[in-house]
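# A closer look at the structure
If you want the building blocks of each chain, they are given just below.
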Amino acid sequence: MSSSADSSTNSHEHPQGACPVTGKTYDFCPRQAGDVRSPCPALNALANHGYLPRDGKNIGVWDLVRGLKNGYQLSTVLACILSFGAMLLLGQYRCLSLSDLARHNMIEHNASLVHRDDNNGAEYAPTKVDRKLLAALCAEGGKLLPNRITLEDAAHIRVKREAQCGKLDGVHAEIARGEIVIAIGVLGGKDALKNGVNISALHEWMQHERLPTGWRPDHTQGLYQTYKMAKYVRERMREIGTEQPPNKPGDSKAISDQYSGDALSRQETLSK
């Protein structure tokens, strides 16, 4: 698969979900006039690479399953759970368009890491990545491992975002954790449990909705591994929420050092 080729410098259409420029390859082609996209960078990237219909329309459940398996090498079980679960939550049992996933408080939720909240009562939430939020997300990484966003970082990021926007209900909290966990697990590679994901790769994937340059799936991301990662983030979020902020000017560095040491210990235990 080609993750960096942009072979669509001229505007064109994607009739019946096919691209006349890239043909039957998985080369990247960004959204064109008439295409629709979702708030989910993962699915948008699959459409931009042709693993899903490039126009983002009339996608059946088995199209979703195949796209997730072929594009990100998810296990069949995990791909089926995500695909059938999306159809169930949306109440659409035959097919969907990517824009359907923007219906507020169905699958889409407030306190997204890279999208503004839907505060105006609109039926459909924003689908365009907010560059300031994306920059803030990337800035939160690198505190445990240089140039990486780890599961520990993810827990802190989610706590901070929900402090800004308000806590999520149980279902959407699980969805929100799952989003960042699967991104780390898939893009970070087989050692993502311990080492997280490269910040630049995550930034490219989210901003351009394109598979990161040079990236290839090196493992099958399965249900148990994803559950294990999400459980870690959930438990750390609970612990972080009960921690007291520093009271003295000199406490910040001590807490930062303790964060790094404790987090490394936890991640090493998780990866065993």
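Presented here is a report on the structure given in the accompanying data block. Fair warning: this is a prediction, and the values are worked out from it, not measured in the lab. (Residues numbered from 1 in each chain as written. Predicted model: local features only at pLDDT ≥ 70, side-chain atom pairs only at ≥ 80, totals over all residues. Heavy atoms only, no water.)

Our focus in this paragraph is the overall build of the chain. A count of helical and extended segments in the chain gives 10 helices and 4 strands. Counted from the first residue to the last, the chain has its helices and strands arranged as α-β-α-α-β-α-β-α-α-α-β-α-α-α. Here the chain holds 272 residues, and 51% of them are scored as buried. For the chain, the share of sequence-separated contacts (at least 6 apart) that also reach a separation of at least 24 residues comes to 60%. For the chain, the accessible surface area stands at approximately 13400 Å², while carbon and sulfur atoms represent 52% of it. (Helix = DSSP H or I, 4+ residues; strand = E, 2+ residues; numbered from the N terminus. Buried < 20%, exposed > 50% of the residue type's maximum accessible area, 1.4 Å probe, protein only. Contact = heavy atoms within 4.5 Å. Areas by Shrake-Rupley, 256 points an atom, 1.4 Å probe, with all protein chains shown as cover.)

Summarising the element assignment, Leu-151 is placed in helix H5 (residues 151-165). Taking the relative accessible area as the measure of exposure, Leu-151 reaches 0% and is therefore buried. Sequence separation of Leu-151 and Tyr-232 is 81 residues, and the distance between their C-alpha atoms is 7.6 Å.

Glancing now at the nonpolar core. Of all hydrophobic cores here, the largest spans 58 residues; its most connected members are Tyr-72, Leu-137, Ile-184, Leu-202 and Trp-205. Discounting chain neighbours no more than four positions away, the residues touching Trp-205 are Pro-41, Ala-42, Ala-45, Tyr-72, Ala-183, Leu-187, Arg-210, Leu-211 and Pro-212. (Core = buried A, V, L, I, M, F, W, Y, C linked by side-chain atoms within 4.5 Å.)

This model, assessed by the stated rule, comprises 4 aromatic pairs. Measuring from centroid to centroid gives 4.0 Å for Tyr-26 and Tyr-51, while their planes differ by 10 degrees, and the two rings are stacked. Residue Tyr-26 is found in the segment before helix H1 (41-48), and its partner Tyr-51 is found in the loop between H1 and strand E1 (59-60); the two are separated by 25 residues along the sequence. Assessed through its relative accessible area of 34%, Tyr-26 is described here as partly exposed. For Tyr-51, a relative accessible area of 11% translates into the label buried. (Phe/Tyr/Trp six-rings, centres within 6.5 Å; stacked < 30°, edge-to-face > 60°.)

Glancing now at the environment of Val-114. Considering the arrangement of structural elements, one finds Val-114 in the loop between strand E2 (95-96) and helix H4 (131-139). For Val-114, a relative accessible area of 3% translates into the label buried. Sequence separation of Val-114 and Gln-207 is 93 residues, and the distance between their C-alpha atoms is 9.2 Å. The residues contacting Val-114, other than those within four sequence positions of it, are Lys-128, Val-129, Asp-130, Leu-133, Leu-134, Leu-137 and Met-206.

With that settled, consider unusual backbone geometry. Most of the time, phi is negative for any residue but glycine, and the peptide bond is trans. Unusually for a residue other than glycine, Asn-58 sits at a positive phi of about 50 degrees. Locating Asn-58 in the fold gives a position in the loop between H1 and E1. What makes Asn-58 exposed here is its relative accessible area of 58%. The phi dihedral of Gln-73 is positive, around 60 degrees, even though this residue is not glycine. For Gln-73, the location among the structural elements is in the loop between helix H2 (61-72) and helix H3 (76-90).

Here the structure, examined in full by the defined rule, presents 12 salt bridges. The closest approach of N and O atoms between Glu-140 and Lys-143, which form a salt bridge, is 3.1 Å. A residue is classified by how much of its surface remains accessible, and Glu-140, at 15% relative accessible area, is buried. The exposure class of Lys-143 is partly exposed, given its relative accessible area of 44%. In this structure, a network of salt bridges that share partners links the residues Glu-140, Lys-143 and Lys-160. (Salt bridge = Lys/Arg side-chain N within 4 Å of Asp/Glu carboxyl O.)

Moving on to a nonpolar patch on the surface. A grouping of Val-77, Ile-81 and Leu-223 is seen on the molecular surface, where their side chains present a nonpolar patch of about 250 Å² in accessible area. Within the secondary structure, Ile-81 sits in helix H3. (Patch = residues over 30% accessible without salt bridge, like charges linked within 9 Å, V, L, I, M, F, W, Y side chains within 5 Å.)

Tracing the backbone through its elements, the reader meets Ser-112 in the loop between E2 and H4. Among the residues examined, Ser-112 registers a relative accessible area of 12% and is labelled buried. The residues touching Ser-112, leaving out its near neighbours within four places in the chain, are Asp-117 and Arg-161.

All right, on to H3 then. Between its terminal C-alpha atoms H3 stretches 21 Å, which fits the 21 Å expected from 15 residues at 1.5 Å a residue. Residues of H3 that are buried include every one of Leu-78, Ala-79, Cys-80, Ser-83, Ala-86, Met-87 and Leu-90, and no others. On its buried face, H3 is in contact with E1, H2, E2 and helix H9 (223-242). Positive phi shows up at Gly-91, right after H3, with a value of about 70 degrees. (Expected span 1.5 Å × (residues − 1).)

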